[in-house]
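# Geometric and topological summary
Residue-level listing of the chains:
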Amino acid sequence: MASMLELKKITKRYGAFCANKEISLSIGEGEVYCLLGENGAGKSTLMNVLYGLTRPDDGDILMDGQKVAIRSPKDAIQHGIVMVHQHFMLIPALTVLENIVLATEEHKGVFVEKQQVSARIREISEKYGFRIDPEARVCDLSVGQQQRVEIVKAIYHQCRLLILDEPTAVLTPRETEELYAIIEQFKKEHKSVIFISHKLHEVMHISDRISVLRNGENVATLNKGDTNESELSAYMVGKPVDLAVEKANICPGEVVLKVGSLQVKSKKGNLAVKGLSLSVRSGEIYGIAGVDGNGQSELIQALTGLSRSESGSVQILANDTTNTAPGRVLSLGVSHIPEDRQHMGIAMNQSLMNNLILYDYRNPEYRKGCFLDWGKARRHAQHLVEKYRVKAPSLNQNISYLSGGNQQKAVVARELDKGPKLLLAVYPTRGVDIGAVEFIHKEIVKARDNGCAVLLVSSELDEILVLSDRIGVIYEGTIIGEMNREDATVEKIGMYMAGIADRTPEEKLEA
Amino acid sequence: MSVIESFLSVVFNSSTSILFAALGILLMHLSGVVNIGAEGMMLIGAFSGVVGSHLTSNVWLGGLFAMAVTGVVGLVYGYCTITYKANQVVVGIAFNILAQGLTTTLYRIVFGMNSSTMKVDAFSKLGAFSTPVYVGLGFVIVMTVFLNKTKPGLKVRGAGEYPQAIDSMGISVNFTRYASVVAGSMIIGFGGAYLSLGQLSFFTENMTDGRGYIALAAVIFGRYTALGTWLAVLVFGAGEALTYRLQALNSGVPSQMILMIPYVLSIVVVAFFGQKGSGPEALGIPFSKDGRQ
């Protein structure tokens, strides 16, 4: 196969940190090339270099054997390279057509050529087997449809090489299948695809060749036929992964959290949680699996008192906490590892120490007259840093300069050290390196062994399966299926996640 | 002239300066740059309009001179807020204070300390209204078409809604914003010039009297469309015309209360229609490539 694109010894440094170390790879025509790696392995940096979003410190990019200079996305597009970002580059307030006109500019005129472009969009969507209304506003489309608009945009650009950055992270299993079909169609037309992912089964399904990145280096390039998932995962983490965490058998106690027919509206005003019920007992981990955006955030916000619910009830340790103040929820012994670390979990631009003692300002133990007992606070923070192995140059370090993993460890330290009765752990290992993942998992299990009730929300099935004692799958605002860990399989959860449920007898009666 | 006719004539005549200012603000806001400084830009436009008209003895050249001067002011505004990413609200307020002091001082230098009002030519009338009133109405249509039917218009809206997307399309966000800020400032400047050359034919210190803020309220009330802004401006114009009527009526209501009407109206309107989410997503957020500010 003739190589269409070649990257030669691409190096990119950010200060002392080397995001890409002499990475070389070559991609053939009609090939699906997969870049596999953990978060922070350097995949995004490499693609930003290829797409002209950042300049490499060293190395060359060759197209069809010719050296090319890519200084901006515009250059990349001219060479037929188009990237579909994880966060779509579509303007929500504009229509599909307007977005595509803006992105392409193939005609010189000042006015928008509605008929031509609209006809072309229909033609492309028909060829690839999806339906897109050119007049629809982007903000009214589902995430999957928006992704297709991005792909139409790429085809419109006469793209030869499509870069898909974690394209399935936001898709339902069915939409994922449809995406695979589109990729197949690309291959048939001798167009190449770079597929960025950290999900092994996807990579094994769709790619022809695979490069594994770790710590900014290309550690292996393999043909799909010559490898398997366990080999790939070994390359990814550098050691055989043992996601399994040792857990004692559960001995659940009384019900700590009881949610009954809860209804919560989202910020947009539609019902995001639709009559959800669940209960979590002390000493057990209840895992909520599901694709992002099925009401997880709204549920947690209602439980923590951060937003109001429309109807239904929440009880924590037999106290009615429906629509109560967040402070009262905390005072009942609830800890919260929030989903959005940088906005909710930590106070950015504050010192590590201030972040660690965030809750203690009212605690009489840390009071000295009307002042805080800083000496005591410092000793406490120091103790947390050591116990939870937060790596930081000093307690006074601005927390925004710590790595994501260390920031999250600080959050975990603060939340777990107070010995909570209920822990709400929402995507607790999102954007965290694998070493920290293991550590955080162990701490969560430790809390559970000490009798804490844990409600875990995650979109990573592996995480759910490793940690949970019981699993509920959330789909469109309700728990569509619930099972004990022993009865759970990936297939079963996957079915529920896609919204395919066997109805319970009660539901059958209702229907 | 019937009562209604004369009332409408006052509405259109008095609202035209606000209409230009509001359309200029609209353009800037849609591109993502907040402009609290419209008041100051109008004042500078009003002053330089009189100066230009005085120097050239031609009222239209005076208007163009006002646009040129406020265009330069807009460039400086863009330099502070786009290139240097300064807080747009703070810069806007600083511009207002600066403009007030600057126009007062320059007026006294140019036209003498005695500040007996210096009369210049005014815009000629065409039927019931002076010519810029028609220009303003035409401009509403031009802006509507520009923002909805042309590619540069889409770029402006994109830069205000989701600049990262515009950037990824290989379009310069900052250039788009600069262009919008300079063009918007020029339009605002013409609004100021209409105030001094169309309605009064002379300049007085601080003559804008809060019209820049009313224009800002009109953009929000008009839901960030040119047509809506025009309707909102008419509402405010009606409020102003009402104050003249009520004052003439000798109703016994203290005149201070009556003069409050346009300002109270803008407070009420912004309170009810200024909810978050009605404006462009990235309004007031400086753009930088790596997403940091």
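Residues numbered from 1 in each chain as written. Chains lettered and ligands numbered in written order. Predicted model: local features only at pLDDT ≥ 70, side-chain atom pairs only at ≥ 80, totals over all residues. Heavy atoms only, no water.

## A look at the overall build of chain A
For clarity, the threshold we go by: What counts as a helix is a DSSP run of H or I of at least four residues, what counts as a strand is a run of E of at least two, and both are numbered from the N terminus. The quantity called the radius of gyration is restricted to C-alpha atoms. Its globule counterpart is 2.2 Å times the number of residues to the power 0.38. Buried residues are those whose accessible area, probed at 1.4 Å on protein chains only, stays under 20% of the maximum for their type, while exposed residues exceed 50% and partly exposed ones sit between those limits.
For chain A, the helix and strand inventory stands at 18 helices and 22 strands. Taking 2.2 N^0.38 as the reference for a compact globule, 511 residues should give roughly 24 Å; the C-alpha atoms of chain A span a radius of gyration of 25 Å, in line with that estimate. Over its C-alpha atoms, taken along the principal directions, chain A stretches across nearly 70 × 60 × 50 Å. When the 511 residues of chain A are sorted by exposure, 51% land in the buried category.

## Concerning the packing of helix H3 (residues 59–83) of chain B against helix H8 (residues 173–200) of chain B
Residues and elements named next belong to chain B. Basically, it comes down to this: All axes are obtained by fitting lines to C-alpha atoms, using only the stretch in contact for helices, and the reported angles, taken between N-to-C directions, cover 0 to 180 degrees. When an angle is under 35 degrees it counts as roughly parallel; over 145 it counts as roughly antiparallel; between 65 and 115 it counts as roughly perpendicular; any other value is oblique. Should the near helix be turned counterclockwise from the far one by less than a right angle, the crossing is left-handed, whereas a clockwise turn marks it as right-handed.
The N-to-C vectors of H3 and H8 enclose an angle of 140 degrees; their axes lie 7 Å apart at closest approach. The orientation of H3 with respect to H8, classified from their angle, is oblique. Crossing of H3 over H8 shows right-handed handedness.

## Thoughts on unusual backbone geometry
Of note, the phi angle at Glu166 of chain A is positive, near 40 degrees, even though the residue is not glycine. By the secondary structure assignment, Glu166 of chain A is in the loop between strand E7 (161–165) and helix H6 (173–188). The backbone of Asp209 of chain B sits at a positive phi, close to 55 degrees, despite the residue not being glycine. By the secondary structure assignment, Asp209 of chain B is in the loop between H8 and helix H9 (211–221). You can call Asp209 of chain B partly exposed: its relative accessible area is 47%.

## Some words on the nonpolar core
The condition that has to hold: Take the buried Ala, Val, Leu, Ile, Met, Phe, Trp, Tyr and Cys residues and link them wherever side-chain atoms come within 4.5 Å; each set so joined is a nonpolar core. In this analysis, two residues are considered to be in contact whenever any of their non-hydrogen atoms come within 4.5 Å of each other.
With 90 residues, the main nonpolar core has Leu50, Ile81 and Ile194 of chain A as its most contacted residues. Those residues in contact with Ile194 of chain A that sit more than four places away from it in its chain are Leu5, Ile27, Tyr33, Leu35, Met47, Leu50, Leu161, Leu162, Ile163 and Leu164 of chain A. Counting residues in hydrophobic clusters, the runner-up holds 69 residues, among them Ala38, Val73, Phe111 and Leu195 of chain B.

## Structural notes on the interface of chain A and chain B
Quick note on the threshold: Accessible-area loss on putting two parts together, using a 1.4 Å probe and summing over both, is the definition of buried area adopted here. When a carboxyl oxygen of Asp or Glu lies within 4 Å of a side-chain nitrogen of Lys or Arg, that pair is called a salt bridge. Residue polarity follows a fixed list, in which Ala, Val, Leu, Ile, Met, Phe, Trp, Tyr, Cys and Pro are nonpolar, Asp, Glu, Lys and Arg are charged, and the others, Gly among them, are polar.
Contacts between chain A and chain B engage 29 residues on the former and 20 residues on the latter. In this assembly, chain A packs against chain B so that about 1,900 Å² is buried in total across both faces, 66% of it on carbon and sulfur atoms. Counting across the interface, chain A meets chain B through 1 salt bridge. A salt bridge links Glu113 of chain A to Lys151 of chain B; its shortest N-O distance comes to 3.0 Å. For the side of chain A that touches chain B, the elements supplying multiple residues, two or more each, are helix H2 (73–78) and helix H3 (96–104) of chain A. A per-element tally of the side of chain A that touches chain B places H3 of chain A first, with 5 residues. When the residues that make up the side of chain A that touches chain B are grouped by side-chain class, the tally is 17 nonpolar, 5 polar and 7 charged.

## Notes on the sheet that holds strand E9 (residues 209–214) of chain A
All names here are of chain A. Let me state the cut-off plainly: The pairing criterion is simple: DSSP has to find at least two bridges between the two strands.
The strand order across the open sheet built from 6 strands is E6-E7-E8-E3-E9-E10, with neighbouring strands paired in mixed fashion. The open sheet has two edge strands, strand E6 (81–84) and strand E10 (217–223), and neither has a second partner. Here the average twist between neighbouring strands, direction ignored, is 20 degrees. Contacting strand E3 (32–36), E6, E7, strand E8 (192–197) and E9, helix H1 (residues 43–50) crosses the sheet at an angle of about 150 degrees to E8. Sheet strands touched by H6: E3, E7 and E8. Its angle to E8, the strand with the most contacts, is close to 145 degrees.

## Overview of a nonpolar patch on the surface
Residues and elements named next belong to chain B. The condition is simple: Residues enter patches when their relative accessible area tops 30% and they take part in no salt bridge; the joining distance is 9 Å for like charges and 5 Å for the nonpolar side chains Val, Leu, Ile, Met, Phe, Trp and Tyr. Using a 1.4 Å probe, accessible areas were evaluated by the Shrake-Rupley method; residue-level cover was limited to the displayed protein chains.
On the surface, a cluster of nonpolar side chains totalling about 630 Å² of accessible area is made up of Val253, Met257, Met260, Val264, Val268, Phe272 and Phe273. With 4 residues, helix H12 (residues 261–273) is the single largest residue contributor to the nonpolar patch. Inspection of the secondary structure assignment puts Phe272 in helix H12.

## Observations concerning the packing of aromatic side chains
How we decide: Each pair of aromatic rings taken from Phe, Tyr and Trp, with Trp reduced to its six-membered ring, is defined by centres within 6.5 Å and is described as stacked if the planes are under 30 degrees apart, edge-to-face if over 60, and tilted in the remaining cases. For a ring to carry a charge above it, either NZ of a lysine or CZ of an arginine must fall within 6 Å of the ring centroid while also lying within 35 degrees of the normal to the ring plane.
Per the stated rule, a full pass over the model turns up 16 aromatic pairs over all chains. Between the aromatic rings of Tyr128 of chain A and Phe186 of chain A, the centroid separation amounts to 5.7 Å while the plane-to-plane angle is 50 degrees, which identifies the pairing as tilted. Here the residue Tyr128 of chain A occupies a position in the loop between helix H4 (114–127) and helix H5 (143–156), and Phe186 of chain A occupies one in helix H6, the gap between them amounting to 58 residues. Each member of the aromatic cluster is reached from another via a ring pair, and the members are Phe20, Trp60, Phe123, Phe139, Phe190 and Tyr194 of chain B. A cation over an aromatic ring shows up here: Arg120 of chain A above the ring of Tyr156 of chain A, its NZ or CZ 5.0 Å from the ring centre.

## Quick word on the packing of H3 of chain B against helix H4 (residues 88–111) of chain B
Residue and element names in this part refer to chain B. Following both chains from N to C, one finds H3 and H4 inclined at 150 degrees, their axes separated by 10 Å at the closest point. With respect to the hand of their crossing, H3 and H4 are arranged in right-handed fashion. Only Gln88, Val91, Gly92 and Phe95 of H4 make contact with H3, whose side of the interface consists of Val73, Val76, Tyr77, Cys80 and Thr81. Across the contact of H3 with H4, the residue classes tally to 6 nonpolar, 3 polar and no charged.

## With respect to H4 of chain A
Within an α-helix, residues lying three or four positions from one another point in the same direction, as the helix has 3.6 residues per turn. All names here are of chain A. Quick reminder of the rule: By this rule, a helix spans an expected 1.5 Å times one less than how many residues it contains. By arc we mean the arc of the directions from the helix axis to the C-beta atoms, nothing more.
The first and last C-alpha atoms of H4 sit 20 Å apart over 14 residues, in line with the 20 Å expected at 1.5 Å per residue. By the burial criterion, the buried members of H4 are Val117, Ser118, Ile121, Ile124 and Ser125. Mapping the buried residues of H4 onto a view down its axis gives an arc of 125 degrees, with all of them on the same face. Facing away from the buried side of H4 by over 90 degrees, the exposed positions are Gln115, Glu126 and Lys127. Looking at the buried positions of H4, the neighbouring elements they touch are H3 and H5. Just beyond H4, the residue with positive phi is Gly129, at close to 75 degrees.

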